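# Summary of the model geometry
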Amino acid sequence: MRDSLIFYVNGMRQEVRGESVFRTLSDFLRKELGLTGTKVVCAEGDCGSCTVLLGRFQQGRWNYDGVDCCIQYLFQIDGMHVITVEALSEGGVLHPIQQAMVEHFGSQCGYCTPGFVMALTALLEQQIPFNREHVELGLTGNLCRCTGYQQIFEAAFSLDQKSLPKVSERYRNEEMEKELEEVILSPTMILGSSLSQPGDEQSVYLPTTVSEAALYLAEHPEARIVSGGTDVSVQVNKGKSDFKKIISFSHLKELDFLENNDATLSFGAGVNWTELERYCKSNLPEFHKILKVFGSPQIRNAGTIGGNIANASPIADSLPFLLVTDAVLELTNSTGTRHVEIKDFFKGYKKMDLMPGEMIRSISLKLQQKNDIFRLYKVSKRKDLDISSFTAGMLLSLNQNRMTKVRLAMGGVAPVALRLKKTEDWLKGKDFSLDIMKQAGRKAVQEISPISDVRASKDYRLRLAENIFEKSNLFGFLAIVLAAVNIFGGFLVTQRMLQMYKKKKK
């Protein structure tokens, strides 16, 4: 078993032991390696100034994603390759992305600029076209207060991507690739002193199999599970929590899978939001609509679906989707596996049906049928990179406009995200009409108990919960109308083509 972390930074091998493994990647880059081009502003993953590329070598190929290194701890990047802004220029010549930022005045104070450059470089690595939609989405995790985004957009649009070299190609190295492949196959245990509280001992364990993880958790049920760390790392950075015993799931490939057997979708707890977003774009467009505004690319590249569930927040963006699709969690410990429906998993605020030493292994859910009406809603103070004030999900099956199956869920209206069982039962068998849905909205507010906080008032959340039913009926009606228009339009086009064909034959 290893007692050190092994990773590379800009092609240079790094081996770290002791208390240093509990430092953030941003601190290590700036203070240990002197790579101060990576900036730190918020230490929360909100501003993107600390964006770097994080490379994973798997199945003979590299995959590089942009991440916020202020909330990535060193034990999370074991077996990976980090590329910083200093690595972009070559032979004293700026990279074309950097040069475009200069020529189009994409920087004023310059503090946020390295993060923007690295976010654009991440798009280049992923071969995502530099059009308006992709650049705007790609930069949602980067904040600038003085330059103005238009100049930054113009810098991106001025580039011919086909002629741009991938920075990662400079670092293709068989020796590095071979070592990193071996690193992620060997479990690691590291002890060190606490950086925040000198004298206290800390430890981190990196298992490579679920069985190794389960055995460790059986002996150390108090250990803190860290996967993407996009929430727990913020808590540590802000002094609201601390790492004592940690088990990092960075190398648990068993938790990183996604399977679809037509009626059921199953995925591991370690699947990150970017992987799920890519799948949902063509397969679950309604959920993709939510995922597009979940965090930012840097957050989605790190955060996992299992972590979002285990955080047990009543406003977690995944929960309305999982609740209305009747998701079932597979929970594992050293003695075996059990399954729990997600509607029964949350027992109270931040309380879950998890036994000591138990972990979330996978999630399975029922896919909606072709004619189901499926709607998801997220309300927040701003569109991108914001925590929800209110969330909701609806899944309705209709038979001659009568509701035969009803699933309703809401978040931000109680100590836990919940299914509205009374309203569901009342709606079953009734016609899908505006008047019925208005009545359902009034009944729904009797099942919830929202509070007022910094994100929204109690009255506002109650009004949202009621009005969302009326909105769902409008969208359902429009969907029926559009379907009819498409069918009728297709009929007219076919008739017109037949007429032209007959005319041509004459």
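Refer to the structure presented above.
Criteria and thresholds
Residues numbered from 1 in each chain as written. Predicted model: local features only at pLDDT ≥ 70, side-chain atom pairs only at ≥ 80, totals over all residues. Heavy atoms only, no water. Helix = DSSP H or I, 4+ residues; strand = E, 2+ residues; numbered from the N terminus. Rg over C-alpha atoms; globule rule 2.2 N^0.38 Å. Buried < 20%, exposed > 50% of the residue type's maximum accessible area, 1.4 Å probe, protein only. Contact = heavy atoms within 4.5 Å. Areas by Shrake-Rupley, 256 points an atom, 1.4 Å probe, with all protein chains shown as cover. Lys, Arg positive; Asp, Glu negative; His and termini not counted. Charge placed at Lys NZ, Arg CZ, Asp CG, Glu CD. Salt bridge = Lys/Arg side-chain N within 4 Å of Asp/Glu carboxyl O. Arc of directions from axis to C-beta. Core = buried A, V, L, I, M, F, W, Y, C linked by side-chain atoms within 4.5 Å. Pairing = 2+ DSSP bridges. Axes fitted to C-alpha atoms, helices over the stretch in contact; angles between N-to-C directions.

Another aspect to go through is the overall build of the protein. A count of helical and extended segments in the protein gives 16 helices and 20 strands. Radius of gyration (C-alpha) of the protein: 25 Å, near the 23 Å computed for a compact globule of 506 residues. The C-alpha extent of the protein, read off along each of the three principal axes, is 70 × 65 × 45 Å. By the burial criterion, 52% of the 506 residues in the protein qualify as buried. Here the analysis covers contacts within the protein between residues at least 6 apart in sequence; of these, 65% occur between residues at least 24 apart. About 23,600 Å² of surface is accessible on the protein, with carbon and sulfur atoms providing 51% of the total. Averaging the coordinates of the 62 positive side-chain charges in the protein and doing the same for the 58 negative ones gives two points 10 Å apart.

This brings us to the pattern of salt bridges. One side chain can pair with another of opposite charge once the charged atoms of both are near each other. By the definition in use, this model includes 31 salt bridges. Where Lys289 meets Glu286, a salt bridge forms, and the shortest distance between an N and an O atom there is 2.7 Å. Here Lys289 and its partner Glu286 are both found in helix H10 (residues 285–291), three residues apart, which amounts to about one turn of the helix. The closest approach of N and O atoms between Asp326 and Arg407, which form a salt bridge, is 3.2 Å. Here the residue Asp326 occupies a position in the loop between helix H13 (319–324) and strand S12 (328–333), and Arg407 occupies one in strand S19 (residues 402–411), the gap between them amounting to 81 residues. For Arg407, a relative accessible area of 9% translates into the label buried.

Of the positions making up helix H2 (residues 96–103), those classed as buried are Ile97, Gln98, Ala100 and Met101. Axial view of H2: buried residues confined to an arc of 160 degrees, hence all on one face. Seen from the buried face of H2, the exposed residues on the opposite side, beyond 90 degrees, are Val102 and Glu103. Looking one or two residues past H2, Phe105 carries a phi angle of roughly 55 degrees, positive in sign.

Counting residues in hydrophobic clusters, the biggest one holds 39 residues, and the most contacted among them are Phe287, Leu322 and Ile363. Looking at this core, the elements with two or more residues in it are strand S11 (264–268), helix H9 (273–283), H10, helix H12 (305–310), H13, S12, strand S16 (359–366) and strand S17 (373–379). By residue number, the principal contributor to this core is H13, which donates five residues. If near-sequence neighbours (up to four positions away) are discounted, Phe287 is found in contact with Trp273, Leu276, Cys280, Asp317, Ser318, Phe321 and Leu376. One finds Phe57, Ile97, Met118 and Tyr171 within the second-largest nonpolar core, a separate group that totals 35 residues.

Before going further, it helps to spend a moment on the pairing of strand S7 (residues 201–206). Of all six residues in S7, five are buried; the element is thus mostly enclosed. Across three bridges, the pairing between S7 and strand S9 (residues 245–248) is parallel. From the neighbouring strand, Ser203 faces S9, where its bridge partner is Lys245.

What follows covers the sheet that holds S17. The sheet built from four strands is open, its strands ordered S17-S18-S19-S20 with antiparallel pairing. In this open sheet, the two edge strands, each paired with only one partner strand, are S17 and strand S20 (418–419).

What follows deals with the sheet that holds strand S8 (residues 224–226). Two strands in a sheet stick together by hydrogen bonds in their backbones, pointing the same way (parallel) or opposite ways (antiparallel). Strand order across the open sheet formed by four strands is S6-S7-S9-S8, with mixed pairing between neighbours. Taken across any chain shown, the strands that pair with only one partner, and hence form the sheet edges, are strand S6 (188–193) and S8. Neighbour-to-neighbour, the strand axes of this sheet turn through a mean angle of 20 degrees, independent of strand direction. Summarising the sheet, S8 and S9 pair through three bridges and their orientation is parallel. Following the sheet pairing, Ile225 is matched in S9 by Ile247.

When you line up the elements, His288 lands in helix H10. A residue is classified by how much of its surface remains accessible, and His288, at 11% relative accessible area, is buried. In this view, His288 contacts Glu277, Cys280 and Lys281; residues no more than four positions away in its chain are not counted.

This brings us to the environment of Ile184. As for its placement among the helices and strands, Ile184 is situated in the loop between helix H6 (174–183) and S6. Between the C-alpha atom of Ile184 and that of Glu466, which follows or precedes it by 282 residues, the distance is 50 Å. The residues contacting Ile184, other than those within four sequence positions of it, are Asp78, Gly79, Thr208, His251 and Lys253.

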